[in-house]
Amino acid sequence: MRLSPRTSDRITRIAGFVTVTLAAAFLLAPVLLTAVLSFSNDPYFGVPPDTWGFRQYETLFTDQIWRDALMLSLKIALPVGLLSAVIAVPAVFAIHRSRLPGRNVLHVGGLAGIIIPISAFAVAMYGVLADFGLLGTYAGLVLANTVLALPLMLVVTSAALSRIPVELELAAMVTGASRARAWFGITLRLLAPAMIGGFVLAVVTSFDEAVFINFIGGPGLTTLPKAILDSARLGVDPVIMAVATLLMVATSILMILALKFARSTDE
C-alpha cells in the first residue's frame, strides 16, 4: 500500500515530534528530579521525600562549611573571569590583527587547557606552583583556574573577532582615528557581547572545577565542588541537591543575560 505524500508528511512530522519530545524528556528528567528533591525536608535521600520544605537551602546558607565553600568558589571564579578577559582580548588582537611571528603557535598554546587531559595538566601545574611557592594558596588556585578557563574565552572572542571586518578599522583610520582609537571605539564595542559570553563561561568553568583543588589545594581551601565530592565520599548529604539546583538556575540566568546583551548590542 502506497501512502500519499500528505500522509507521509504527517507521519514524518508526528515521528519527529515524538522523537524530540522523548529526547527532551530524557535530558530534562534528571534536572527536574534534582530540583524536586532539593525541596526535601529529610536529612537523607528518599524518592519521594517523606516531608517537604526548605531544609536543604537553609543548611546550605547557614552551615559554616557549605557557606565558606560557596564564598571561596566565588572569590576564585570572579578573578578568573577577569584575568581570562585581560589575557585573551590582547591575545586575539595579536592573532587576528597583527603580523606577529608565531601567532598561530600562540593560538594553539592558548588552547592547551582544553586539549591536554585535565589530570595530566593538574600534575604539571602542581610542579610549577610548587617551584614558585604557590602550592596550596589562593593565588595558586586563581592562576591554575585561569589557565583552565582561558581557552574558552580565547575561542569565543577569537571567533567573534574573525567575523568583524578589518575594513571598519581601516575606514576609521582613514578619517583620522589612530589604530588604538579604532580598536577601542569600534572593534571592542562589537566584541563586547563575545567578551561577556566568554567571561560567563570562564566563571562557570572555574566555579565547577573539581580536579585542580584536589591536586593543588591546601588546608582551609575547600571550594564548593570539593565540598560536594567530600560529601559524596563520606556520606551523601541531600544539600548537594540544593547546590545543583542553584547552580543550574544561576548559570541559566547568566547565559540569558549575556544573550539579551548581545541582542541589544546588535540592534
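Computed from a predicted model, the values in this text were never measured in an experiment.

A. Looking closely at the environment of Ser38. Mapped onto the secondary structure, Ser38 falls in the loop between α1 (5–37) and α2 (55–62). Ser38 sits in the buried class, given a relative accessible area of 0%. A sequence separation of eleven residues divides Ser38 from Pro49, and the C-alpha atoms of the two residues are 9.7 Å apart.

B. Quick look at the pattern of salt bridges. For the coordinates displayed, the defined rule picks out one salt bridge. For Asp230, the salt bridge is made with Lys226, and the minimal N-O distance between the two is 3.2 Å. In this pair, Asp230 and Lys226 are both assigned in helix α11 (residues 224–234), four residues apart and thus about one turn of the helix distant. Both residues of the pair, Asp230 and Lys226, belong to the buried class.

C. Examining a nonpolar patch on the surface more closely. There is a patch of nonpolar side chains on the surface, built from Phe26, Leu27, Leu28, Val31 and Leu32 and spanning about 540 Å² of accessible area. Counting through the fold element by element, Leu28 comes out in helix α1. What makes Leu28 partly exposed here is its relative accessible area of 47%.

D. Examining the packing of helix α8 (residues 166–174) against helix α9 (residues 179–208) more closely. Relative to each other, α8 and α9 sit at 140 degrees, their axes nearing to 9 Å. Of the possible angle classes, the one that applies to α8 and α9 is oblique. As α8 packs across α9, the resulting crossing turns out to be right-handed. Here Leu168, Glu169, Ala172 and Met173 of α8 come into contact with α9, specifically with Arg179, Ala182, Trp183, Ile186, Thr187 and Leu190. Across the contact of α8 with α9, the residue classes tally to seven nonpolar, one polar and two charged.

The rules behind each value
- Residues numbered from 1 in each chain as written.
- Predicted model: local features only at pLDDT ≥ 70, side-chain atom pairs only at ≥ 80, totals over all residues.
- Heavy atoms only, no water.
- Helix = DSSP H or I, 4+ residues; strand = E, 2+ residues; numbered from the N terminus.
- Buried < 20%, exposed > 50% of the residue type's maximum accessible area, 1.4 Å probe, protein only.
- Salt bridge = Lys/Arg side-chain N within 4 Å of Asp/Glu carboxyl O.
- Patch = residues over 30% accessible without salt bridge, like charges linked within 9 Å, V, L, I, M, F, W, Y side chains within 5 Å.
- Areas by Shrake-Rupley, 256 points an atom, 1.4 Å probe, with all protein chains shown as cover.
- Axes fitted to C-alpha atoms, helices over the stretch in contact; angles between N-to-C directions.
- Parallel < 35°, antiparallel > 145°, perpendicular 65-115°, else oblique.
- Left-handed = near helix turned anticlockwise from the far one by under 90°.
- Contact = heavy atoms within 4.5 Å.
- Nonpolar A, V, L, I, M, F, W, Y, C, P; charged D, E, K, R; others polar.

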